[in-house]
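Take a look at the letters that make up each chain.
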Amino acid sequence: MRNIIYTLLIGIILLSACTEEDYLESVSPDSVSGDFSFRLVHEEYAEGMLVGGSDDDRQLVSSTGRATRQTLSSYDQVEFVVVDDDGNKVTGVKGLYDKNTANMYLEGLHEGSYRILILGINGNPAADNATIHRINHISEVWLSFPDDLARPLVCEYFHSITPFTVREVSTSLGNEVVAEISEQIVQRRIVGRMDLAFSYNNPYVETAVLSNTAVLNTRSRFYTRLSGEGIFSGESNGAMKTLDMSEQTEYLFMPTVAGRSLEGDVTLLTRDYRGNTTRRSYTFDLESITANHIGHVGINVVHPDDEIGTLFITNRAYAKGQHSLILQDDEPHTLYTDKALRNFNTARPLQLSVTSEGQFHARFYSPRSLSRVLVKARIPAAGNEYVDWAYFDSIPAFADFYEAIPLLQKELYFRAESGKIVKIPRMQADELAGIEFKIESDDPYLEKLKGIIHGWNIRFHLFDGDPTKPDGGPVGNWMGIRPVHCREAVAFFLNFTYMIDMPEHEEILRANEDRLYGNGGVNDKVSPDVVLRQMRQERTLNVGLVYPGNGVIGLGGGSSYGVWQKGWLSHYDNTYACEIMFHELGHVMGYSHSSAFTYGPWAQELMNHFYVNHLADMPIDSSSYLDSSKNPNLY
């Protein structure tokens, strides 16, 4: 549609021009003679057909299809040239382009027939070593790239040629100059895009890629020049740098020279959970790169690990799964105090199971991550030997991992503990009943966790406090425990239950056996063996947060245990805080204030100093893992 447009110049963005005479600048309406405007839009990419590639075959499929959707053009740079009927440049034209509205304004034209050539650019053309030439005729080269550029383009380039006329009309105000031109000028890209997509038969191969590169055949040649009238010419020299598809899989090119296809080889380097690497090569052949089109290249990744059933959870796979964490600051108290959902034994902080829905579940009660973890499983329905069930590059602190089990989809191969490769047929979720797990890792942290032999069961309890209130909603001597305190409780009890089996801890008890006495006072001697049995007895504690407003900073006894906030924060290096922690543990063990285990040397001298002095030997050897003192959710 062509409409007569009367324009006021309101744009304020300076538009570069191709000649000194044809420049675009801010102008006022009073200075305009023969001015008009239009809007720039561009077509979206047309989708090309898919080209399949594999290591066994190659296919040639042409790209067809036309784009119909149009988008406002917010270009970073716009060049223009106005030519007459003979294609010669018209001088003295001024104009500007408003990026915010995609409107372009021109002035300085008189009666006549013209064509306007517009080059729109998204990005900085210097990144492509592009040259924009000054032209005097529509047939001259306007845009060019080096023949030896040897890499995909960074910017998108758009081009259009639009005819229009300018004439004088008589109005009540006198003669006025008007232009007949389309309200919208539609542009198309002069570049095309190649998209590479990879189809994996095993998702754990995809997330174990070490490198993914493509090399284009030297027979692939691209145009390097564009004239004002939109004619392609020139030819690249065939050199092309290796494309790194770990960074991107969409590439811009000038169109391929007529009769030339785009051929290439993809090389995929992957690793497996045992540290071995596999290199695979795949070829593809795209019939052409066409302006404003996307050519799709699909690579079907056939890989030796396609039928391996071990869940290979690389860090990339873990991130892709968007798995949750437990005991985080935004976890509601109805969840973290639900004893069916949040409880653990310190001797088994990594909880492994198969859910009733058939998912493998790993939950980790730990302020530290654990690296290089091999999970082995014995499936009674499939034999008596353990097989490599899952491997984690890393299990994050407080991980809550759920993953579908491939074995429930098809039969797969596993490495057995004997070294044999065994085939396990497809199973149903109920056939995994009775599955047993064990873990292996060379991470020293696992050895620390394995040093916890006599575990205690830890749960979290509100004792009627309200953690949603600014003051914790205190009730009596308790207030609402929050996740920041729960995480510290995990740290403390992992350390405490590790400590009770340390040889040095046993030595200090035996060296001070004459200072250990019970509820009957100093004459009620308690032997180190009795104390060790009491400490190593499996117990279940409801752990809470003590409200210090009543002058109480610790509570303990039976299955209840809690200290005030500072105790949870400073147990790492504060012997007084540790004194309170162990004082309350003395009550849990059944001792009164008359014993050495509360207001006596066990809590006030031996255990508190031992804990602080041996922190470096314990599983959670630093407060920096949690850094709770800086947590904004503290009271």
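Whatever comes next refers back to the structure up there.
Only a predicted model underlies this, so the values are computations on that prediction, with no experimental measurement involved.

Attention shifts here to the sheet that holds strand β28 (residues 370-378). As summarised here, the arrangement of the four strands in space is β23-β29-β28-β33, forming an open sheet in which the pairing is mixed. The strands lining the two open edges of the sheet, one partner per strand, are β23 (311-313) and β33 (436-440). Direction aside, the axes of adjacent strands within the sheet are offset by 20 degrees on average.

This part is about the side chain of D305. Looking at where D305 falls in the secondary structure, it is placed in the loop between β22 (293-301) and β23. For the buried D305, no salt bridge is present, and the opposite-charge side chain at shortest range is R415, 8.9 Å distant. Residues contacting D305, with those up to four places away along its chain left out, are N202, V205 and D272.

With that settled, the discussion passes to the pattern of salt bridges. Applying the stated rule across the entire model yields 27 salt bridges. Here E417 ties to K376 by a salt bridge, and the two come within 3.6 Å at their closest N and O atoms. Of this pair, E417 sits in the loop between β31 (412-415) and β32 (421-424) while K376 sits in strand β28, and the two are 41 residues apart along the sequence. The shortest N-O distance in the salt bridge between E411 and K423 comes to 3.8 Å. Of this pair, E411 sits in the loop between β30 (399-404) and β31 while K423 sits in strand β32, placing them twelve residues apart in sequence. E411 gets classed as partly exposed once you look at its relative accessible area, which sits at 39%. Through salt bridges with shared partners, a single network forms among D501, E506, R510, D529 and R536.

Glancing now at the pairing of β30. Here strand β24 (residues 324-325) runs beside β30; their pairing, made up of two bridges, is antiparallel. Among the inter-strand pairings, L325 is bridged to a residue of β30, identified as A399.

Inspection of every chain in the model, using the stated rule, returns 37 aromatic pairs. Where F360 meets W389, the ring centres are 6.2 Å apart and the plane angle is 75 degrees; that geometry is what we call edge-to-face. Note that F360 is positioned in strand β27 (residues 359-364) and W389 in strand β29 (residues 387-395), a separation of 29 residues in sequence. The residues F360 and W389 share a single accessibility class, namely buried. Look at W564 and Y576: their rings are 6.4 Å apart centre to centre, the planes differ by 70 degrees, and that puts the pair in the edge-to-face class. Taken together, the residues span a long stretch of sequence, with W564 in the loop between β38 (560-563) and α8 (565-570) and Y576 in helix α9 (residues 575-588) at a distance of twelve residues. Judged by its relative accessible area of 12%, W564 is buried. Here the aromatic residues W456, F492, F493, F496, Y561, W568, F582, Y591, F597, W602 and Y611 are joined through ring pairs into a cluster of three or more. The lysine or arginine in question, R368, covers the ring of Y445, its NZ or CZ lying 4.2 Å from the ring centre.

We now examine helix α5 (residues 483-499). Taking 1.5 Å of rise per residue, the 17 residues of α5 would be expected to cover 24 Å, and the 24 Å separating its terminal C-alpha atoms lies within 8% of that figure. Across the 17 residues of α5, 17 count as buried, placing the element largely inside the fold.

As a further point, take unusual backbone geometry. One non-glycine residue, N129, lies in the positive phi region at around 55 degrees. Within the fold, N129 resides in the loop between β8 (112-122) and β9 (131-132). In the Ramachandran plot, Q322 falls in the positive-phi region, its phi being about 50 degrees despite a non-glycine side chain. Q322 sits in the exposed class, given a relative accessible area of 72%.

Calculation criteria
- Residue positions are counted from 1 within each chain, in the order its sequence is given.
- Under the rules for a predicted model, residues below a pLDDT of 70 receive no local features and side-chain atom pairs below 80 are neither given nor counted, while totals for whole chains, interfaces and linings still include all residues.
- Excluded from the side-chain calculations are hydrogens and water; all other atoms, namely the structure's heavy atoms, are used.
- Whether two strands pair depends on DSSP finding at least two bridges between them.
- A run of DSSP states H or I qualifies as a helix once it reaches four residues; a run of E qualifies as a strand once it reaches two. Both are numbered from the N-terminal end.
- The convention used is that axes are lines fitted to C-alpha atoms, helices contributing only their stretch in contact, and that angles between N-to-C directions extend from 0 to 180 degrees.
- Each residue's exposure class comes from its accessible area (1.4 Å probe, protein chains only) as a fraction of the maximum for that residue type: buried when under 20%, exposed when over 50%, partly exposed otherwise.
- Residues scored as positive are Lys and Arg, those scored as negative are Asp and Glu, and His as well as the terminal groups of each chain are ignored.
- Salt bridge criterion: a side-chain nitrogen from Lys or Arg within 4 Å of a carboxyl oxygen from Asp or Glu.
- In this description, contact between two residues means that some pair of their heavy atoms is separated by no more than 4.5 Å.
- Each pair of aromatic rings taken from Phe, Tyr and Trp, with Trp reduced to its six-membered ring, is defined by centres within 6.5 Å and is described as stacked if the planes are under 30 degrees apart, edge-to-face if over 60, and tilted in the remaining cases.
- Consider the ring centre and the ring normal. A charge sits over the ring if Lys NZ or Arg CZ is within 6 Å of that centre and within 35 degrees of that normal.
- Helix span, as expected, comes to 1.5 Å for every residue beyond the first.

Nothing here speaks to function; it is all geometry.
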